[in-house]
Every structure is written in structure tokens, then in C-alpha cells.
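# An overview of the molecular structure
Each chain is listed here by its residues.
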Amino acid sequence: MNKFDEWISWFVPDSAYASPETLRLHRLFVNSCFLTAFFALGYCLMSIYMSGYYFAVAMVISIVVFLILPLLLKWGLGLVTLANVYTALIAVVYICLVYWDGGIRNANVAPWIIMLPAVAMMMQGIRASMAWLVISLIIVGGFAYFNFRGVRFAVRFDTSKDPLFNLLSLSGLVAIISLIIFISESGKRKAQKMLEEQNKALERLNIEKNNFLNIVAHDLKNPLASVRAFAEISGYEKTTPEKRTIYLQHIATSADRMFELIKNLLDVNMIESGKMGLKPVELCLNDLITNYLKQASVVALSKQINLVAQLPENRIYLQTDKARLEQILENFISNGMKYSPAGSNVKVQLSDAPAYVEICVIDAGPGISAADMEKLFKQYGVTSSVPREGENSMGLGLAIVKKIADAFGADVGCISEPGKGCNFYIRLPKQARETIS
Ligand code: ADP
């Protein structure tokens, strides 16, 4: 982006407009205001040179107004209103110039009237352009009427310099109209490119959503079929009470899987629609981790994983949202248990650095390759690691972790090499935090 573009962006920030076309029109307006002010400055200098001091004063006033219009746009006035004010101002300048020029004597000031329908067309479209064309014809017709009636206006400048005035004003017309058309066209091309990019992104999103729906349908279908089958055989007369208990456990496990999937989906939806709403409270992270590991110990036992806590002697306090931090821990720890071999350790480390507090979850699983690393923390990013007990993975957990971490202003990441396990970490910034020895 060059300096001029940056300057225009100050008046019309990219982020303020969702549609590339609206952005283009707003930018065109600001560009046109500056160009016309520059054009008017040329007229002003020319008028001084030709002793046309009325012209010069009118030009200075118009320059000020042309420069105020982009500010009014920035302050929230509508584009249609401002574009009409801009065009009306050009009409007023034309009327003043023709009056001081002694009526429609020659083409000295024609550029101003020609601009009315032209700029209205570019900024507002065909209807506004037609309206301004009619207005310009009425203005020209009005002066012609006075001329026919023999009314003469006094010429208020040194006419000996007329040929020079004609030359400069007509070249000015060619220059300004060409520049505005050029800006409008190049803006159109940029807007077109942005639209194409948006379109491609939407297409990609659509493909992702379709894939995702297939995965969801597939992942819900299997546990649902299990529930259906186990519920049916539990009802058989021949089924023993022991078997019935086992079947009911299978039903509960399948229901848990479906619940987990739906919970993750709802979480993604809530976070994406900006409804996460953190509730920070003062927490002792040592206690949070110890308590969380107690809860997770039942699952760890069933998977034959040793959950190990490595906590500092200092108690580390942090202002943060308890439920969301536990959600991050849950994702890291359940992944660690899911991918690590039976009998191995999943370690949870808490440590203190000058600018942040770090929680790491280290496992002894298959690790992640550099190529797969790119997929981590992205929605539906599933790597080649296979869960030990054939559990499902949709690549939602870490995407949720990333979104929560972003809301915390925290860094998350993973250090890993294939075959060497994973170290998933979150670095929580230390604002409003105190360490008590
Ligand atoms: P889900 O929530 O569906 O299990 P995640 O977002 O938690 O998915 O994980 C995304 C992918 O990252 C997983 O499919 C897996 O391939 C990889 N992954 C996550 N944790 C580990 C780990 N500890 N070891 C190896 N691979 C992992």
C-alpha cells in the first residue's frame, strides 16, 4: 500500500466496509474530492494570474468545502448525501464562474458543468447521473436564455489571457475526468479481485462444511446404531442381568460420545458467534491442576495411563476463567491419554516465567510430524496420529483450545517430533496475577 492509499485508508478504513463495492465507492468519493480540490487550486492560481479575484476567492472557498467532505464521510455522513453535496458544489462553482466570465461566452469553464453527470454516474449510478444531466442542461439553458434576452454579465478578468485560460481549463478537464475514470476503473478491478477471493474462500468453506456434515453424520450414526442395537438386545428375555448391565454400559458410552461431539459443536458455534463471555476469577493454578487430575484419574486408570503432576513449590495465582481453562486442560490431557501407549505417563507441568505462566501437557505418544503440525489448532484439522483405542477425532478440540487461548490473550502450541511424544503448552499472560510463596 503506497502513502496515498494509506492516507485514503485513514478516511475509508478497509475494515469498516464488508462489501468491496461499497469500499470502492467510498474511496472513489474521497479520491474525487481531493482531485477536485487540486483542480480548483489550479483554477485559483490561474484566476489570480488573470486578475480574476472573484474567481480566486470562490475557488478558495470551494477547496475548503471539497476538503471537508471526506472528513464528514469519516464522521459517518452517508455517501449518497455527500456525493450529492459534492456534485451540487461543482454546479455552484460553475454558476459563479459563468457569471464572472460574462455568461456563456466560451468554453473556459465548461469542465465544471461536464463533471456533473459524469461524477454522478461513477459515484451513484445511472438515475443520479440522469438527474444531474437534467440539472446541468437547465443551468446551461438558463444562462443561454439570459443571453438571448440580451442580458450581459460583466467580464471580471483580463480577457487578453483568454487563450491561455481556455488551454489550461480544457486540459484540466481532460486530466480530471480521465483521472476519476482511472481511479474508478482500477478500484473496480480491485473490488472484483476481492470479490473473487471472497468467493473462493466461501467455496472452500462450503466444501469444509459439507465434509464436516458428512463426518458429523457418520460419527453420530455409529454410536446411535450401537444404542439402538444394545437397547434391543437388553430387552430380550434370554439376556442375563450381567449381560444387561454390560449392554447398558455400552449405551452410556455411546451416549457420552454423542454428547461430547454435540458439546464441541455447540462450543465452536458459540465461540464463533462471539458469545463466549469470559468470567475471570482469582485461581490457584496448583489447586486447579491437582483437582482436575483427580477427576481425570478414573479415565486414566481405565486406559492404564499414569497422570503425573509437576507443580512448583510456589502457589501460582492467576485471574482467569476457571471453566475455560479446565476445558483447555481437558483437551490436552484427554488427547495425551488417547494417543499414548498403555503404561506410559502423561505429565502436567506448571511453571512460572517472567511474563507468563506456562502449563504443559507432555505425553509419550506417536508425536506429530512437521507437516501435520500445520493442521493442529485448525478447525477439523486431523493429523495422521491414530488414537490408541480407535476413538474418534474430528479436529475440533484443539480449534476450541486456540479460540479460548486467543480470548485469554495466551499463546498455545505444540512441540513434537514423530516418535517422541508431544508437549502441548499454553502460556497465560500474567496481568493481575500474584505469586504467593
Ligand atoms: P478431537 O477433539 O476431535 O479429538 P483435536 O482437535 O483434539 O481433535 O486434535 C486434532 C488432531 O491432532 C487429532 O486428530 C490428532 O491427529 C492430533 N493430536 C492431538 N493431540 C495429539 C497427541 N497428544 N498426540 C498425537 N496427535 C495428537
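Located above this text is the structure these notes cover.
Quick caveat: nothing in here was measured; it's all calculated off a predicted structure.

Parameters at a glance
- Residues numbered from 1 in each chain as written.
- Predicted model: local features only at pLDDT ≥ 70, side-chain atom pairs only at ≥ 80, totals over all residues.
- Heavy atoms only, no water.
- Buried < 20%, exposed > 50% of the residue type's maximum accessible area, 1.4 Å probe, protein only.
- Helix = DSSP H or I, 4+ residues; strand = E, 2+ residues; numbered from the N terminus.
- Pairing = 2+ DSSP bridges.
- Expected span 1.5 Å × (residues − 1).
- Axes fitted to C-alpha atoms, helices over the stretch in contact; angles between N-to-C directions.
- Contact = heavy atoms within 4.5 Å.
- Core = buried A, V, L, I, M, F, W, Y, C linked by side-chain atoms within 4.5 Å.

### Here we look at the pairing of strand E5 (residues 356-362)
Counting buried positions along E5 gives six out of seven residues, so the element sits mostly inside the fold. Inspection of the sheet shows strand E4 (residues 345-352) paired to E5 by six bridges, in the antiparallel sense. Looking at the pairing, Leu 350 lines up with Ile 359 of E5. Between the end of E4 and the start of E5, which pair antiparallel, lie three residues. Strand direction decides the pairing type here: E5 and strand E7 (residues 422-429), joined by seven bridges, are antiparallel. When the sheet's bridge partners are listed, Ile 359 is paired in E7 with Ile 426.

### Here's the deal with helix H2 (residues 20-49)
The terminal C-alpha atoms of H2, which comprises 30 residues, lie 43 Å apart, in line with the 44 Å expected from a rise of 1.5 Å per residue. In terms of residue burial, H2 counts as a mostly covered element, since 22 of its 30 residues are buried. One or two positions beyond H2, positive phi appears at Ser 51, with a value near 60°.

### Here's the deal with the sheet that holds E5
Two pairing modes exist for strands in a sheet, parallel and antiparallel, and in both the strands are linked by backbone hydrogen bonds. Taken together, the five strands give an open sheet; going across it, the order is E2-E4-E5-E7-E6, and neighbouring strands pair in mixed fashion. Of all strands in the sheet, those bounded by a partner on one side alone are strand E2 (306-310) and strand E6 (411-416). Pairwise comparison of adjacent strand axes, ignoring direction, gives a mean angle of 15° for this sheet. Sheet analysis places E6 next to E7, joined by six bridges and oriented antiparallel. Paired with Val 412 across the bridge in E7 is Ile 426. Helix-sheet contacts for helix H12 (residues 397-408) involve E6 and E7, and the interaxial angle to E7 is about 25°.

### As for the nonpolar core
The biggest cluster of nonpolar side chains holds 58 residues, and the ones touching the most others in it are Phe 29, Tyr 86, Trp 112, Met 115 and Ile 180. In terms of residue count, H2 provides more of this core than any other element does, 14 residues in total. Ranked by size, the runner-up nonpolar core spans 46 residues in total, among them Ile 316, Leu 350, Leu 396 and Phe 408.

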